[in-house]
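Reading the structure
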Amino acid sequence: TGNVISAGIDYTLLPNTIAYDLTSSFNTSTGTFTAPTPGKYQFVLSILLVSVGLTTTRLQLFASTSTESYGIEDRNVGSLLFSGLYRSTGTTDGITMALGQTIQFKINISGLLTSAAIGGGALTTRPSCICGWRIS
């Protein structure tokens, strides 16, 4: 969905649609995944930023549990912007999660003069997405 985010704020990604969730473990209203079984999980995020100004300096995309943060992307994106669009795609390492442990996926953008929007749904044919699975 076209969520608008402000500069310098850790923003929790809130997908508006779940395409597939075998265990009903993802809550779209809070952006929280709850581990249905203990194990090692891996997540992939692909976020399309729209209306991003050329003054944007740093983009941080990360996953966060109650005890740890896991970097997915951390870069200076100002020189990479084209027409105010940028796609950030990255993968976490394997994250060991206990039964019932939660994780959220967040973005923080520095250097915005106003705000940026996360593309999804009707805004693009390549929507933003969060994917994940248990690997062991």
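The structure under discussion appears in the preceding block.
Reading the values: rules and limits
Residues numbered from 1 in each chain as written. Predicted model: local features only at pLDDT ≥ 70, side-chain atom pairs only at ≥ 80, totals over all residues. Heavy atoms only, no water. Phe/Tyr/Trp six-rings, centres within 6.5 Å; stacked < 30°, edge-to-face > 60°. Helix = DSSP H or I, 4+ residues; strand = E, 2+ residues; numbered from the N terminus. Buried < 20%, exposed > 50% of the residue type's maximum accessible area, 1.4 Å probe, protein only. Contact = heavy atoms within 4.5 Å. Core = buried A, V, L, I, M, F, W, Y, C linked by side-chain atoms within 4.5 Å. Pairing = 2+ DSSP bridges. Disulfide = S-S within 2.5 Å.

Each aromatic ring pair is described using two quantities: the centre-to-centre distance and the angle formed by the ring planes. Taken as a whole and judged by the stated rule, the model has 4 aromatic pairs. Ring geometry for Phe 33 and Phe 43: centres 5.5 Å apart, planes at 70°, overall edge-to-face. A residue pair is termed long-range when its members are at least 10 positions apart, and Phe 33 in strand β4 (residues 32-34) and Phe 43 in strand β5 (residues 39-50) qualify at 10 residues. Both residues of the pair, Phe 33 and Phe 43, count as buried. Site record: aromatic cluster; members linked through ring pairs are Phe 33, Tyr 41, Phe 43 and Phe 105.

Here the focus is the environment of Ser 64. Mapped onto the elements, Ser 64 comes out in strand β6 (residues 58-64). On the basis of relative accessibility, which here comes to 16%, the residue Ser 64 falls in the buried class. Residues Ser 64 and Lys 106 lie 42 residues apart in sequence; the distance between their C-alpha atoms is 7.5 Å. For Ser 64, the contacting residues outside a window of four places in its chain are Ser 69, Thr 102, Ile 103, Gln 104 and Lys 106.

Let us look at unusual backbone geometry. Positive phi, normally seen in glycine, also occurs at Ser 24, with a value near 50°. Mapped onto the secondary structure, Ser 24 falls in the loop between β2 (11-12) and β3 (26-27).

Leu 13, Phe 33, Phe 43, Phe 105 and Ile 107 are the most contacted members of the largest nonpolar core, which has 25 residues in total. The element that contributes the greatest number of residues to this core is β5, accounting for 5 residues. Excluding anything up to four places from it in sequence, Phe 105 contacts Tyr 11, Thr 12, Leu 13, Phe 26, Gly 31, Phe 33, Phe 43, Leu 45, Phe 62, Ala 63 and Ile 130.

Another aspect to go through is the pairing of β5. Counted residue by residue, β5 has 9 buried out of 12 residues, so it is predominantly covered. Relative to strand β9 (residues 95-97), β5 runs antiparallel, the two sharing 3 bridges. The residue bridging Gly 39 from the neighbouring strand is Met 97, located in β9. Both β5 and strand β8 (residues 86-91) contribute to a ladder of 6 bridges, which runs antiparallel. Looking at the pairing, Ser 46 lines up with Thr 89 of β8.

Looking now at the state of the cysteines. Scanning the entire structure with this criterion turns up 0 disulfides. Looking at Cys 129, it has no disulfide partner, and the nearest cysteine sulfur is the one in Cys 131, 4.1 Å off. Among the residues examined, Cys 129 registers a relative accessible area of 32% and is labelled partly exposed. With a relative accessible area of 34%, Cys 131 lands in the partly exposed category.

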